[in-house]
Amino acid sequence: MKTNYSVLILVFLLGCTTVDYKEEVEVVSKIVLQGYIEEGDVSHVVLSTSVPIGSTVDTLSILKHLFLFAKVTVSDGTNSEVLIPQFDKNWIPPLIYTGKTIVGKSGNTYSIKVEYVGSILKSTTTIPKSVPIRELNYVKNNPLDSTGYVFVKFVDPVNEKNHYQILTKVDGKEPVYVPAFYGNLNDDNFSSSAVNFQINRGVLLITSNQFKPYFSDGDFVFVKLRTMDKAAFDFWNDYQNEIVNGLNPIFPANTSLKSNIIGGLGIWAGYGVSVVSLQTRKQE
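Residues numbered from 1 in each chain as written. Predicted model: local features only at pLDDT ≥ 70, side-chain atom pairs only at ≥ 80, totals over all residues. Heavy atoms only, no water.

(A) How the structure looks around the overall build of the protein. Tallying secondary structure elements over the protein gives 1 helix and 19 strands in all. A separation threshold of at least 6 residues defines the contact pool for the protein, and within that pool the share at least 24 residues apart is 68%. (Helix = DSSP H or I, 4+ residues; strand = E, 2+ residues; numbered from the N terminus. Contact = heavy atoms within 4.5 Å.)

Next up, the structure:
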């Protein structure tokens, strides 16, 4: 599904940022669903709208795009539940619909239905088997440096098709997991089943400071390795490419992102999950 000359509000960040799109193009806004259910966790869904180019977008104007009264239902094929909306400043828009009773399990399929003012969005997803992180390492180019990169090691199962996403969270500095830059991995590109991957830290805060993709001494870093299906991989890969090509880490423009949402845009994804933490330290 394609949406030309529009902007998808999909990312989470803190602070107030303004993006002014000068190009005058008339586009009808569509509902955007960014939702997921991870292994061992409940569903999380953010609803927003696509924003036509020609609009000035900031974290205040985005409040106009809240979906306060949507009915969001998730089912595992046997049981279903209506998700509860709650405000969370760590997301844009700052409203997230969250489940309570249905917990993600590997191999299970989950459907979602969103009803809002006559509009209906639907999708299904399956949680793949998780792949465990085997090891994390903090590596510096020079022992005297105060910064370095975290490398994650895992074993890609042979004779299986897998897609991965790597996310990180620095304790005390980031309230949510952030997708790593170039952290969407297709195992077709692996030279062996033993993977040792350098993590480039992703973007959370948009400030006047230069973006730094590395970690610092003393950081307590959580690394999450997600397994996902091809639909989720294609979506996040396209989204990342839009960020790189548009040089705009907040709202990628002129988008044509792949979507598995019937009746709208975005992604409904199931993820297998492995999480490991690492305390970065000065090298002796």
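(B) Highlighting the pairing of strand 11 (residues 119-126). Examined bridge by bridge, strand 10 (residues 109-116) and strand 11 share 8 bridges and lie antiparallel to one another. Along strand 11, the bridge assignment pairs Ile112 with Ser123. Here strand 10 folds back onto strand 11, and the loop between the two strands holds 2 residues, one of which, Val117, carries a positive phi near 45°. (Pairing = 2+ DSSP bridges.)

(C) How the structure looks around the side chain of Glu38. On the secondary structure map, Glu38 appears in strand 3 (residues 31-38). On the basis of relative accessible area, Glu38 is assigned to the buried category, the value being 5%. In terms of polar contacts, Glu38 uses its side chain to reach the side chain of Arg226, at 3.0 Å. Glu38 has contacts with Gly104, Ile127, Lys224, Arg226, Tyr271 and Val273, leaving out every residue within four places of it along the chain. (Buried < 20%, exposed > 50% of the residue type's maximum accessible area, 1.4 Å probe, protein only. Polar contact = N/O pair within 3.5 Å; in protein donor to acceptor, adjacent residues only side chain to side chain.)

(D) Seen up close, the packing of aromatic side chains. Under the counting rule described, the total for this entry stands at 10 aromatic pairs. A cation over a ring is seen here: Arg226 above Tyr36, with NZ or CZ 5.1 Å from the ring centre. Over the aromatic face of Tyr271 sits the side chain of Arg226, whose NZ or CZ is 3.8 Å from the ring centroid. (Phe/Tyr/Trp six-rings, centres within 6.5 Å; stacked < 30°, edge-to-face > 60°. Lys NZ or Arg CZ within 6 Å of the ring centre and 35° of its normal.)

(E) Just the sheet that holds strand 6 (residues 71-75), in detail. Pairing in this open sheet of 4 strands is antiparallel, and the strands run 7-6-10-11 from one edge to the other. Edge positions in the sheet fall to strand 7 (80-82) and strand 11, since each of these pairs with one other strand and no more. Going across the sheet, the axis of each strand differs from the next one's by a mean of 15°, ignoring polarity. (Axes fitted to C-alpha atoms, helices over the stretch in contact; angles between N-to-C directions.)

(F) The arrangement of the environment of Ser277 in detail. Considering the arrangement of structural elements, one finds Ser277 in strand 19 (residues 265-279). Ser277 sits in the partly exposed class, given a relative accessible area of 36%. Ser277 sits 55 residues away from Phe222 along the chain, and the two C-alpha atoms are 4.3 Å apart. Among all residues touching Ser277, those that are not within four sequence positions of it are Leu136, Phe220, Val221 and Phe222.

(G) Representation of the nonpolar core within the structure. Within the largest apolar cluster, 21 residues are counted, with the highest numbers of intra-cluster contacts made by Leu33, Val45, Leu47, Val72, Tyr97 and Trp268. At the level of elements, strand 3, strand 4 (43-52), strand 6, strand 9 (95-98) and strand 10 are the ones that each hand at least two residues to this core. In this structure Val45 touches Leu33, Gln34, Gly35, Val72, Leu83, Leu95, Ile96, Tyr97, Ile112 and Trp268, once residues within four positions along its chain are discounted. If you look at the next biggest cluster of nonpolar residues, it comprises 20 residues, including Tyr164, Leu185, Val221 and Leu278. (Core = buried A, V, L, I, M, F, W, Y, C linked by side-chain atoms within 4.5 Å.)

(H) Region of interest: unusual backbone geometry. For Val117, which is not glycine, the phi dihedral falls at a positive 45°. Note on placement: Val117 falls in the loop between strand 10 and strand 11. Not every positive phi belongs to a glycine, and Asn159 is a case in point at roughly 60°. With respect to the secondary-structure elements, Asn159 resides in the loop between strand 13 (147-155) and strand 14 (163-170). Take Asn159: its relative accessible area is 82%, and that puts it in the exposed class.

All quantities given are derived from atomic positions and should not be read as evidence of function.
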